[in-house]
Amino acid sequence: GIVGVRGREPATLMPSLLLGGRHTAHSRLLLDRGLSQAARREVSGALLAEAENLGRKVGARSLAFMFIDSDDQLRSDLDQRGYLSFLHAKAGVLDIDFTTFDGYLHRLSAHRRKRIKSELRSFAAAGVEFSQHPLGEVIEQITPLGMALESRYGAEGDTVAAFQGNLRIVSDVLGDRAVALTAEQGGKIRGYVIAIRWDDALILRSAGFDYEFKGKLPLYYGLVFYHVVDYALAFSVRQVFYSIESTEAKKSRGCRIVDEYGMALGLDDQAAVALRSVLASGADG
């Protein structure tokens with residue numbers, strides 16, 4: 001909504017306190033699924049009120065969530081608190097409603113099943129083995145792979161220290177919930193995806209690859225889909241949350257695609273008016 005808007009409205013909304021991810025997807029409240037509806041409303045209200053208080057305390061003019069699934073209760077919670085929404089992106093969710101890898105394959109087309117079996121044979125022929133490690137134990141090993149992916153897709157600027165510092169924050173905060181799922185060959189990690197477990201959900205966060213080794217080997221699919229499915233089955237995961245983009249690749253490997261909404265709140269009257277103007281201008285465009 002900000003692109004192409006004239007006048008002072010975008011500046012009026014700054015600084016903004018961002019809640020949830022900036023580059024990933026599925027901004028959520030990490031609540032126990034066992035909460036009653038009444039308890040959930042109470043906890044959600046308390047968390048969101050504290051976020052708004054924090055925003056005002058640090059001098060923010062607005063708050064924003066960028067990736068709320070269309071069917072997530074958080075969207076309704078924010079709507080009731082006066083947040084405005086806009087369709088922002090699409091992301092994948094894989095429902096683990098099968099009990100074996102063959103069950104996963106049978107939900108796909110015959111062509112896709114044949115292709116996956118061929119890809120699995122290619123990993124075996126290349127000597128690739130899939131494993132998993134606590135994130136904190138492999139940060140130094142996966143750093144060059146993650147930085148290679150960022151560089152490949154134009155996200156320059158992270159130093160080694162900054163990259164590792166971010167991963168250590170994730171590891172320190174989440175402990176054994178943060179796992180590096182890996183593809184290994186010749187005693188080295190050749191690719192990884194970071195996965196975060198929460199109750200019976202698995203949230204994929206970021207990945208990296210040894211591109212010189214990878215070549216034409218479909219290591220991305222092997223890690224992010226087939227190894228993830230094996231891991232989900234082993235640890236009683238019911239849903240895997242994928243990031244935005246690559247929609248067709250996700251659909252072809254069993255994901256359903258969900259709309260993701262950005263939701264924002266002006267923290268004072270002037271910012272609230274500016275936010276409505278920005279979103280109206282975005283809709284007109």
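In the block above lies the structure referred to throughout.
Per chain, residue numbering runs from 1 following the sequence as it is written. Local features in a predicted model are, by the rule used here, given only for residues with pLDDT of at least 70; side-chain atom pairs are given and counted only at 80 or more, and totals for whole chains, interfaces and linings are based on all residues. Side-chain calculation: all heavy atoms of the structure are included, whereas hydrogens and water are not.

(A) Focus on the packing of aromatic side chains. Stacked, tilted and edge-to-face are the three classes assigned to paired rings of Phe, Tyr and Trp, where Trp is represented by its six-membered ring and a pair needs centres within 6.5 Å; plane angles under 30 degrees give stacked, over 60 edge-to-face, the rest tilted. Under the criterion given, the structure shown has 12 aromatic pairs. Seen in terms of ring centroids, Phe123 and Phe130 are 5.4 Å apart; in terms of plane orientation they differ by 85°. Their pairing is edge-to-face. For the exposure calls, accessible area comes from a 1.4 Å probe over protein chains only, and a residue counts as buried if that area is under 20% of its type's maximum, exposed if over 50%, partly exposed in between. Phe130 sits in the partly exposed class, given a relative accessible area of 29%. On the numbers, 5.3 Å between centres and 75° between planes, the contact of Tyr220 with Tyr221 is edge-to-face. By definition, being over a ring means that NZ of Lys or CZ of Arg is both within 6 Å of the ring centre and within 35 degrees of the ring normal. Sitting over the ring of Phe241, Arg28 keeps its end group 4.5 Å from the ring centre. The ring of Tyr221 carries the charged tip of Arg253 above its face, separated from the ring centre by 3.6 Å.

(B) Representation of helix α6 (residues 139-152) within the structure. An ideal rise of 1.5 Å per residue puts 20 Å on 14 residues; α6 measures up with 20 Å between its terminal C-alpha atoms. Segments assigned H or I by DSSP are reported as helices when at least four residues long, segments assigned E as strands when at least two residues long, and all are numbered from the N terminus. Among the residues making up α6, those that are buried are Ile139, Ile142, Thr143, Leu145 and Gly146. Tucked inside the fold, the buried residues of α6 contact α7 (160-174), β6 (188-198) and β7 (201-209). The span you would expect from a helix comes to 1.5 Å times its residue count less one. Any pair of residues with heavy atoms lying within 4.5 Å of one another is described as a contacting pair.

(C) Molecular detail of the packing of helix α5 (residues 110-125) against helix α9 (residues 219-234). Helix axes are fitted to C-alpha atoms over the stretch in contact, other axes to C-alpha atoms as well, and angles between N-to-C directions run from 0 to 180 degrees. One way to put it is that α5 packs onto α9 with a least axis distance of 10 Å and a crossing angle of 110°. On the basis of the axis angle, α5 is roughly perpendicular to α9. In this structure, α5 uses Ile116, Glu119, Leu120 and Phe123 to contact α9, whose residues at the interface are Leu219, Tyr221, Gly222 and Tyr226. Note on residue categories: nonpolar means Ala, Val, Leu, Ile, Met, Phe, Trp, Tyr, Cys or Pro, charged means Asp, Glu, Lys or Arg, and polar means any other residue, Gly included. Residues that form the contact of α5 with α9 fall into these classes: 6 nonpolar, 1 polar and 1 charged. Note that the term roughly parallel is reserved for angles under 35 degrees, roughly antiparallel for angles over 145, roughly perpendicular for angles of 65 to 115, and oblique for everything else.

(D) Layout of unusual backbone geometry. For the bond running from Met14 to Pro15, omega is 0°, close enough to zero to count as cis. Secondary-structure assignment places Pro15 in the loop between α1 (9-12) and β1 (16-19). With a phi close to 60°, Ser236 is a non-glycine residue in the positive phi region. With respect to the element layout, Ser236 can be found in the loop between α9 and β8 (239-244). The exposure class of Ser236 is exposed, given its relative accessible area of 56%. The phi torsion at Ser246 lies on the positive side, around 50°, for a residue other than glycine. On the secondary structure map, Ser246 appears in the loop between β8 and α10 (247-252). On the basis of relative accessible area, Ser246 is assigned to the partly exposed category, the value being 43%.

(E) Looking closely at a nonpolar patch on the surface. A surface patch of nonpolar side chains, about 200 Å² in accessible area, is lined by Leu35, Val43 and Leu47. Among the secondary structure elements, Leu35 is positioned in the loop between β1 and α2 (37-57). The patches reported here contain residues having more than 30% relative accessible area and no salt bridge. Joining distances are 9 Å for like charges and 5 Å for nonpolar side chains (Val, Leu, Ile, Met, Phe, Trp, Tyr). Note on areas: these come from Shrake-Rupley sampling with a 1.4 Å probe, and a residue is covered only by the protein chains present in the view. Salt bridges, as used here, are contacts in which a Lys or Arg side-chain nitrogen is within 4 Å of a carboxyl oxygen on Asp or Glu.

(F) Spotlight on the sheet that holds strand β9 (residues 256-266). Strands pair, by our definition, only if DSSP identifies at least two bridges between them. Pairing is mixed across the open sheet formed by 9 strands, whose spatial order is β1-β2-β9-β3-β8-β7-β6-β5-β4. In this open sheet, the two edge strands, each paired with only one partner strand, are β1 and β4 (129-134). With strand direction ignored, the average angle separating the axes of adjacent strands in the sheet is 30°. Judged from the 8 bridges that link them, strand β5 (residues 178-185) and β6 form a sheet pairing that is antiparallel. Across the sheet, the residue bridging to Ala180 is Ile194, located in β6. Strands β5, β6 and β7 of the sheet are contacted by α7, whose axis makes an angle of about 40° with β6.

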